[in-house]
Amino acid sequence: MILENIVKRRDMVSCVLCQDPPCTKACKKMDPGKALFRIWFDNQDIAALEIPESNICAKCDAHCEAACISRGRVPIQRIMSTLNKKVTPEAEIDIPEDDDRLKCDLCGIPLENPFLLSSSVVASTYDMCARAFEAGWAGACFKTICSLDIHEASPRFSAIEGDSGSIIGFKNIEQLSDHSVAENMEIFRRLKEKYPTKFILASIMGQNEEEWESLARQCEENGADAIELNFSCPNMQEDGLGSDIGQVPELVERFTAAAKRGTKLPVLAKLTPNVATMSPAAEAAIRGGADGIAAINTIKSIIGVSPYTYVSAPAVKGKSAIGGYSGNAVKPIALRFISEIGQNPKCKGAHISGMGGIETWRDALEFILMGAGSIQITTAVMQYGYRIIDELKDGLNYYLAQMGIKSVKDIVGAGLDSVSDTTDVLERDTILFPKFDEEKCIGCGRCVISCNDGGHQAISFANRRPKLDGSKCVGCHLCVLVCPQDAISPGKKRISRKK
Ligand SMILES: Cc1cc2nc3c(=O)[nH]c(=O)nc-3n(C[C@H](O)[C@H](O)[C@H](O)COP(=O)(O)O)c2cc1C
């Protein structure tokens, strides 16, 4: 059984995940900064297994907490003790010695692991890609190359934050690479020479068939391993480019075919989520000769309308524009599109490179289960840095080892059979009741409030304890979701409504 997290992000919410953490410097026995980073990215088991000896924190004066620079207190000692006492004994396997399970491929070309930087600012110079490769990324989809004269606006980003202050949703109005094609080709040559085993995915955008063909050819000649066609940028200044193409299947087919004329390398069409369904564009790309689909690009959005100026963010000298939304908030939308392509028989055999909101190995796993053979990431890297690659690789590797899965390739698409695009397939005759954990419940009554005002008035409150009335409960599980203490879970008891 896979452990659910005992220690969660919210237990360390004041932790700012610093560079060069003072807590680590202050501790002589272990690396609390790394352990906290691991917990943030869903790797509590690995963090627990790395603590050197049992009960180590109980015997110390918490120099780590004294050194912490966060304005809120991070209960490092308590967190480490909990890892030690509760997680280590439950961990089912040791940290695996090798990570061969992560080896996979993109259209037959080997990848040392499924994780690539996605096309954006995070993969826009030689030095950035080199640092990412050194950190352990399997490759990079380079910032989209074009022959346009790109001038970006300032500011160009805006975000929606969660309670911890971390970014949940991210809006950008950025366009494409502002380096010349020649400069980018030189970068490819240098990268391939220095890092021959890393995967270079060249993202391109042409303005007509000749340009699509020529850019694809140049990328192949200069060391790219595969080409990604940007049919999906929502921020283009000019009409008829980016997501304007991705919304018109005939254009997707025509420009894919043009790029294919220029190269023998595998070609992925990067598609836009700004459509009702992605299949028409995906099928058109396959007809045009695409070897795979990359998705999703960013979602058209408006955020942060100022109550004083009435201008949304980012405001550029009193004006704003609809721009692309990304980050963890878009993951459910991305997964839906990935599963749509994964289930489409006309896309069978096509590689799917999945992205949109991936932060942790669990997020990545969800994309893999929905059919993605490789993973791309931008926003989480913008927020947390290339260093998240250790958490992605270690977490996925640990999961695979724990589940006895020999290769990540074995589970690509493994969750697709359970997905239906309509709800008519669902059984509707039984109710699954929630179960209340008396020990975890602190008597806050949040479940009562939500059930009263957003549910079916099935939970009463007496002596600061919730009580379920089974005759009223419809098994919606709103209470499970709102409980701040994780004291409510899906129970085992079901009743049948069939007469
Ligand atoms: C600042 C920024 C710049 C981007 N630039 C490009 C680009 O040049 N080409 C492209 O295909 N996608 C671009 N994207 C989209 C990302 O590659 C990715 O598809 C999207 O952000 C979803 O993934 P994420 O949630 O991991 O960021 C950009 C995204 C961001 C946030």
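Look up a bit, the structure's there.
Trainee: I'm lost on the sheet that holds strand β10 (residues 292–295) in this one. Help?
Mentor: Paired through their backbone hydrogen bonds, the strands of a sheet run either parallel or antiparallel. Read around the closed barrel, eight strands run β3-β4-β7-β8-β9-β10-β13-β14, paired in parallel fashion. Ignoring strand direction, the axes of neighbouring strands in this sheet form an average angle of 25°. Direction of pairing for β10 relative to strand β13 (residues 351–354): parallel, over a ladder of four bridges. For G292, the partnering residue across the bridge sits in β13 and is H351. Of the strands in this sheet, β3 (115–117), β4 (139–145) and β7 (199–204) touch helix α6 (residues 126–135), which is tilted by about 160° from β4.

Trainee: Can you walk me through the packing of helix α12 (residues 331–343) against helix α13 (residues 361–369) in this structure?
Mentor: Two quantities define a packed helix pair, namely the angle between the helix axes and the distance between the axes. Following both chains from N to C, one finds α12 and α13 inclined at 25°, their axes separated by 9 Å at the closest point. Judged by the inter-axis angle, α12 sits roughly parallel to α13. Mapping the contact onto sequence places K331, A334, L335 and I338 in α12 and D363, E366 and F367 in α13. Residues that form the contact of α12 with α13 fall into these classes: four nonpolar, no polar and three charged.

Trainee: Teacher, can you tell me more about the pattern of salt bridges here?
Mentor: Between side chains of opposite charge, a pair can form as their charged atoms come close. The final tally for this structure, using the stated rule, is 27 salt bridges. Ionic contacts of the salt-bridge type, sharing partners, join the residues K34, R38, E50, E391 and D394 into one network.

Trainee: Can you walk me through the packing of aromatic side chains in this structure?
Mentor: Think of a pair of aromatic rings as described by two things: how far the centres are apart, and how the planes are tilted against each other in angle. Applying the stated criterion to the full structure yields eight aromatic pairs. With a centroid separation of 5.3 Å and 75° between ring planes, the pair formed by F133 and Y195 is classed as edge-to-face. Taken together, the residues span a long stretch of sequence, with F133 in helix α6 and Y195 in the loop between α7 (181–194) and β7 at a distance of 62 residues. Seen in terms of ring centroids, W212 and F231 are 5.0 Å apart; in terms of plane orientation they differ by 55°. Their pairing is tilted. Note that W212 is positioned in helix α8 (residues 209–221) and F231 in the loop between β8 (226–230) and α9 (243–246), a separation of 19 residues in sequence. Taking relative accessible area as the criterion, W212 reaches 0% and is therefore assigned buried. The buried category is assigned to F231, whose relative accessible area is 0%. One cation-aromatic arrangement involves R190 over Y126; the distance from NZ or CZ to the ring centre is 3.9 Å. Taking NZ or CZ as reference, R254 lies 5.5 Å from the ring centre of F255, over its face.

Trainee: For this particular structure, what's the right way to read the packing of α8 against helix α10 (residues 249–262)?
Mentor: The interhelical angle for the contact between α8 and α10, taken along N-to-C directions, is 40°, at an axis separation of 7 Å. In terms of axis orientation, α8 runs oblique to α10. As for the relative orientation of α8 and α10, their crossing is right-handed in sense. Where α8 approaches α10, its residues E209, W212, E213, A216, R217 and E220 are matched on the opposing element by R254, F255, A258, A259, R261 and G262. Residues that form the contact of α8 with α10 fall into these classes: five nonpolar, one polar and six charged.

Trainee: Quick question: what am I supposed to make of the sheet that holds strand β12 (residues 323–326) here?
Mentor: The four strands are arranged β5-β6-β12-β11 in an open sheet whose pairing can be described as antiparallel. Because the sheet does not close on itself, it has two edges, and the strands there are β5 (157–161) and β11 (299–301). The mean angle between the axes of side-by-side strands here comes to 35°, regardless of whether they run parallel or antiparallel. Sheet analysis places strand β6 (residues 167–172) next to β12, joined by three bridges and oriented antiparallel. Bridged to F170 within β12 is S326.

Trainee: I keep staring at the site of the ligand and nothing clicks. Help me out?
Mentor: Inspection of the region around the ligand gives 24 residues, with S118, S119, T144, G357 and T379 positioned closest. Between K143 and the ligand, the recorded distance is 2.9 Å, taken from a side-chain N or O atom to a nitrogen atom. Coverage of the ligand by the protein chains reaches 99% of its 600 Å² of free accessible surface. Those elements that provide at least two residues to the shell around the ligand are β4, β6 and α14 (379–384). Counted by class, the shell around the ligand contains six nonpolar, 15 polar and three charged residues.

Trainee: What is the right way to read the pairing of β10 from this model?
Mentor: Taken residue by residue, a regular strand's side chains alternate between the two faces of the sheet. Burial along β10 is two-sided: G292 and A294 and I293 and A295, pointing in opposite directions, are all buried. Inspection of the sheet shows strand β9 (residues 267–270) paired to β10 by three bridges, in the parallel sense. Bridge pairing in β10 links L268 to G292. Read as a crossover between parallel neighbours, the route from β9 over helix α11 (residues 279–287) to β10 is right-handed.

Trainee: I tried to follow helix α15 (residues 388–403) on my own but got confused; where do I start?
Mentor: The α-helix winds at 3.6 residues per turn, so residues separated by three or four positions along the chain end up facing the same way. With 16 residues, α15 extends 23 Å from end C-alpha to end C-alpha; this agrees with the ideal 22 Å at 1.5 Å per step. For α15, a buried count of twelve out of 16 residues is recorded, marking the element as mostly surrounded by other parts of the structure. Backbone geometry just downstream of α15 places G404 in the positive-phi region, at approximately 70°.

Trainee: Quick question: what am I supposed to make of a negative patch on the surface here?
Mentor: A surface patch of negative charge is lined by D94, E97, D98 and D99. For D98, a relative accessible area of 37% puts it in the partly exposed group.

Each value, and the rule that gives it
- Residues numbered from 1 in each chain as written.
- Predicted model: local features only at pLDDT ≥ 70, side-chain atom pairs only at ≥ 80, totals over all residues.
- Heavy atoms only, no water.
- Pairing = 2+ DSSP bridges.
- Helix = DSSP H or I, 4+ residues; strand = E, 2+ residues; numbered from the N terminus.
- Axes fitted to C-alpha atoms, helices over the stretch in contact; angles between N-to-C directions.
- Contact = heavy atoms within 4.5 Å.
- Parallel < 35°, antiparallel > 145°, perpendicular 65-115°, else oblique.
- Nonpolar A, V, L, I, M, F, W, Y, C, P; charged D, E, K, R; others polar.
- Salt bridge = Lys/Arg side-chain N within 4 Å of Asp/Glu carboxyl O.
- Phe/Tyr/Trp six-rings, centres within 6.5 Å; stacked < 30°, edge-to-face > 60°.
- Buried < 20%, exposed > 50% of the residue type's maximum accessible area, 1.4 Å probe, protein only.
- Lys NZ or Arg CZ within 6 Å of the ring centre and 35° of its normal.
- Left-handed = near helix turned anticlockwise from the far one by under 90°.
- Near = heavy atom within 4 Å.
- Polar contact = N/O pair within 3.5 Å; in protein donor to acceptor, adjacent residues only side chain to side chain.
- Areas by Shrake-Rupley, 256 points an atom, 1.4 Å probe, with all protein chains shown as cover.
- Right-handed = clockwise from strand over helix to strand, strands pointing away.
- Expected span 1.5 Å × (residues − 1).
- Patch = residues over 30% accessible without salt bridge, like charges linked within 9 Å, V, L, I, M, F, W, Y side chains within 5 Å.
- Lys, Arg positive; Asp, Glu negative; His and termini not counted.
- Charge placed at Lys NZ, Arg CZ, Asp CG, Glu CD.

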